[in-house]
Amino acid sequence: MPGSFFDDDVIPRGADLLILSRVLHDWDDDKALAILRNVRAAMDAGARLLVLERLIPPGDDFHFGKLFDLVMLVVLGGRDRTRDEYHALLQRAELRVGRTLGLPGGMGAIESVRSD
């Protein structure tokens, strides 16, 4: 379906599960929050959102994903985030974080629901 996830009438309504896979890392916090708020507005009670993104480990130790974080910043103005940074972003969008699973290749799956 063509459209922009910045337009609130594009995201399908009535779904049991919405998936954002490698979307949020393309954007800074303000734009990622706008996307999440539009997704939340499309979610019915009981619907779930699954965010699939690279999870950057906290701390100053070397991690390959931190290089991608720099690339995202320079090329797109976006950023890879830590698990806690994604949780905070979801909470700002009035989504309650459920399970977070580590996946191969440094990826993570973060499940959330509406917080109301």
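Residues numbered from 1 in each chain as written. Predicted model: local features only at pLDDT ≥ 70, side-chain atom pairs only at ≥ 80, totals over all residues. Heavy atoms only, no water.

## Details of the overall build of the chain
Phase 1 of the analysis: Secondary structure assignment for the chain yields three helices and four strands.
Phase 2 of the analysis: Seen in sequence order, the chain has helices and strands lined up from the N terminus as β-α-β-α-α-β-β.
Phase 3 of the analysis: For the chain, the C-alpha radius of gyration of 14 Å lies close to 13 Å, the compact-globule estimate for 116 residues.
Phase 4 of the analysis: Projecting the C-alpha coordinates of the chain onto the three principal axes gives extents of approximately 40 × 30 × 25 Å.
Phase 5 of the analysis: By residue count, 39% of the 116 residues in the chain fall in the buried class.
Phase 6 of the analysis: A separation of at least 24 residues holds for 64% of the contacts in the chain among residues at least 6 apart in sequence.
Phase 7 of the analysis: Of the charged side chains in the chain, 15 are positive and 19 negative, and the gap between their average positions amounts to 3 Å. (Helix = DSSP H or I, 4+ residues; strand = E, 2+ residues; numbered from the N terminus. Rg over C-alpha atoms; globule rule 2.2 N^0.38 Å. Buried < 20%, exposed > 50% of the residue type's maximum accessible area, 1.4 Å probe, protein only. Contact = heavy atoms within 4.5 Å. Lys, Arg positive; Asp, Glu negative; His and termini not counted. Charge placed at Lys NZ, Arg CZ, Asp CG, Glu CD.)

## Details of the pattern of salt bridges
Phase 1 of the analysis: The final tally for this structure, using the stated rule, is nine salt bridges.
Phase 2 of the analysis: In this structure, R79 and E85 form a salt bridge, with 2.8 Å as the shortest nitrogen-oxygen distance.
Phase 3 of the analysis: Within this structure, D29, R79, R81 and E85 form a network of salt bridges that share partners. (Salt bridge = Lys/Arg side-chain N within 4 Å of Asp/Glu carboxyl O.)

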